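Residue-level structural notes
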Amino acid sequence: MIQVENISKQFKIAKRKKHSSMPGLSYLKRETEYYQALDQVSFNVKKGEMIGYIGPNGAGKSTTLKILSGILHPDTGECQIMGLTPWKNRIDHVRNIGVVFGQRSQLWWDLPVKNSFDLIRDLYRVDPQRYHQQIDKLAYALAIENLLDTPVRQLSLGQRMRCEIAAALIHQPAILFLDEPTIGLDAVSKLAVRKFIIDLNQEEQTTVILTTHDMQDIEALSSRIILIGQGKILLDGSLEELKNKNQQKQIWNIEFNKGRLPHHPGIQIYQATESEALLSFDSDLLSKNEFIALLNQNLDLQSISPHATNLDHLVIQLYREYQL
C-alpha cells in the first residue's frame, strides 16, 4: 500500500557567525549550513498495518510524514502510495489519506466544530448523505456529540484532539497519518483515542502510521516498529522482535545502604538514588557473577532482583546503542 524507496531530504539553515574582531558583522553576514533530515529512507507498509514510527526529537519522523502526505518534496528517492506519488498527484492522493498533526490544527479557531466539518466536507466533495452518516458515526465513537456547536477555541486539548481525528476521517480515507496525536492529553482522553484507533483499524482495515514519544501508545496500538535516528532507518521489526533483541540486557533493581555505584564500561546505569538504582550489564564484558561481585565491592548491598523491563527502557537502550 505504501512503498518508500531511498527518500532523502536536506534543509538549508541560515546562521549568523560571531565575529570576535568585528561583532557587528554577525548581523550583516549569514552563513549557510545544511541539515540532512532524511538519508536514504526505505520501507513498505501493507494494507491494515499499524506502524509505530519512533525516534528522538529531530530524527526525521515529521519530515517523513510530510513527504508521505505530499506537503514536502524529497530531494531524491521514490514514493508510491496506493499507486500515486504524493507530491505529484496531490489532489487525488489526499482523498486517500487523513492526517493529524498534534501541534497543528485543521479546524477553524473561531467557528463551531460543526462548521469546520462542513467546510472540510465541501473541500473533499463528500456526498451529503454519506457525510451525515460518517459524522454521526464519528461523533458517537469519539464522544463529541455535545461539542459540535462549540467554537474550537473553547475546547480543551483532549476535546480538540478528538475533533481533529474526526475531521481527518470525514472523507473515509484508507490511510491515517498521526503525528503525536496524544501529546498533552490526560489519561482518560488518551484511552479514548487509543480505543477509537484500534476499532477503526479492526473494523475498516484503515492503515495507520503513528509517531509518538509515548511508548504506551506504541505498545497499545502498534504491532510493528520502525526506529529512525539521524535521518536513517535503524530498526524495522515487530514489537516482539524488539523485546527479544533486548532480553540479553536484563535490567536489575538493586537496593543498598551505602556506597558508590561502580563505574565500569560493562555496566549501564538507568536510574539512581542514594539507596536504589536500575542497572544492566553487558554480558560480553562481564559475567553475572562478576557483576554481582563488583556491586558487593562498592556497595553495602541489601538486595538485587530482576526489573520488569517496559518498552520505555527498551527504547532508551536502543537510543544509547545507536548513540541517538
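Residues numbered from 1 in each chain as written. Predicted model: local features only at pLDDT ≥ 70, side-chain atom pairs only at ≥ 80, totals over all residues. Heavy atoms only, no water.

Some points on the pattern of salt bridges
What counts, and what does not: Here, a salt bridge means any side-chain nitrogen of Lys or Arg that lies within 4 Å of a carboxyl oxygen of Asp or Glu. Secondary structure elements follow DSSP: runs of H or I no shorter than four residues count as helices, runs of E no shorter than two count as strands, and numbering proceeds from the N terminus. When accessible area is computed with a 1.4 Å probe and restricted to protein chains, residues below 20% of their type maximum are described as buried, those above 50% as exposed, and intermediate ones as partly exposed.
Tallied over the entire structure, the rule returns 14 salt bridges. With a shortest N-O distance of 2.6 Å, aspartate 214 and lysine 190 are connected by a salt bridge. Residue aspartate 214 is found in the loop between strand S7 (207–211) and helix H8 (215–221), and its partner lysine 190 is found in helix H7 (residues 187–204); the two are separated by 24 residues along the sequence. Ionic pairing is found between arginine 194 and aspartate 217, a salt bridge with its closest N-O pair at 2.6 Å. Remark: aspartate 217 occurs in helix H8 and arginine 194 occurs in helix H7; sequence separation between them is 23 residues. The pair formed by arginine 194 and aspartate 217 is uniform in burial state, with each residue classed as buried. Where salt bridges share partners, they join Lys114, Asp118, Arg121 and Asp122 into one cluster.

Some remarks on the nonpolar core
Buried together is how nonpolar side chains tend to be arranged in soluble globular proteins. Selection rule: What is meant by a nonpolar core is a set of buried Ala, Val, Leu, Ile, Met, Phe, Trp, Tyr and Cys residues, joined one to another through side-chain atoms within 4.5 Å. In this analysis, two residues are considered to be in contact whenever any of their non-hydrogen atoms come within 4.5 Å of each other.
Counting 46 residues, the largest nonpolar core has Phe117, Ile144 and Cys163 as its most contacted members. For cysteine 163, the residues in contact, after removing those within four places along its chain, are Leu107, Val113, Phe117, Ile144, Leu147 and Leu155.

A word on the sheet that holds strand S11 (residues 267–272)
Sheet strands pair by backbone hydrogen bonding; their relative direction is either parallel or antiparallel. Worth spelling out the cut-off: For two strands to count as paired, DSSP must find a minimum of two bridges between them. Axis definition: a line fitted to C-alpha atoms, over the contacting stretch in the case of helices. Angles run 0 to 180 degrees between N-to-C directions.
Taken together, the four strands give an open sheet; going across it, the order is S11-S12-S10-S13, and neighbouring strands pair in antiparallel fashion. In the strand order of this sheet, the two ends are held by S11 and strand S13 (299–306), each with one partner. Direction aside, the axes of adjacent strands within the sheet are offset by 30° on average. Judged from the six bridges that link them, strand S10 (residues 251–259) and S13 form a sheet pairing that is antiparallel. Its bridge partner being in S13, tryptophan 252 is matched across the sheet by proline 306. Contacts from helix H10 (residues 288–298) reach S10, S11, strand S12 (276–281) and S13, with the element oriented near 145° to S13.

A look at the packing of helix H4 (residues 113–124) against helix H6 (residues 157–168)
Note the threshold: Here is the rule for angles: anything less than 35 degrees is roughly parallel, anything more than 145 is roughly antiparallel, 65 through 115 is roughly perpendicular, and the remaining ranges are oblique. Crossings are assigned a handedness: left-handed for a near helix turned anticlockwise from the far helix by less than a right angle, right-handed for a clockwise turn.
For the pair H4 and H6, interaxial distance at closest approach is 10 Å and the crossing angle is 20°. Considering the angle they form, H4 stands roughly parallel to H6. The two elements H4 and H6 cross, and the hand of that crossing is right-handed. Counting all contacts with H4, which are made through Val113, Phe117 and Ile120, the residues of H6 involved are Cys163, Ala166 and Ala167.

Here's the deal with unusual backbone geometry
Look at methionine 82: it is not a glycine, yet its phi comes out positive at around 50°. Checked against the element boundaries, methionine 82 lands in the loop between strand S4 (76–81) and helix H3 (90–94). Judged by its relative accessible area of 38%, methionine 82 falls in the partly exposed class. The residue glutamate 180 is not glycine, and still its phi comes out positive at about 50°. Relative to the helices and strands, glutamate 180 is located in the loop between strand S6 (175–179) and H7. What makes glutamate 180 buried here is its relative accessible area of 16%.

Structural notes on the packing of aromatic side chains
Aromatic ring pairs are reported here in terms of the distance separating the ring centres and the angle at which the planes meet. Formally: When the centres of two rings from Phe, Tyr and Trp lie within 6.5 Å, Trp using its six-membered ring, the rings pair. Their planes under 30 degrees apart give stacked, over 60 give edge-to-face, and anything left gives tilted. For a Lys NZ or an Arg CZ to count as sitting over a ring, it must be within 6 Å of the ring centre and within 35 degrees of the ring normal.
Applying the stated criterion across every chain yields a total of two aromatic pairs. An angle of 50° between the planes, with centres 5.9 Å apart, marks the rings of phenylalanine 43 and tyrosine 53 as tilted. One end of the pair, phenylalanine 43, is in strand S2 (residues 30–45); the other, tyrosine 53, is in strand S3 (residues 50–54), and 10 residues separate them in sequence. As far as the burial class goes, phenylalanine 43 and tyrosine 53 line up, both buried. Consider the rings of phenylalanine 281 and phenylalanine 291, whose centres lie 4.6 Å apart with planes at 25°: the pair is stacked. You can see phenylalanine 281 sitting in strand S12 and its partner phenylalanine 291 sitting in helix H10, a full 10 residues away along the chain. Over the aromatic face of tyrosine 131 sits the side chain of arginine 121, whose NZ or CZ is 4.9 Å from the ring centroid.

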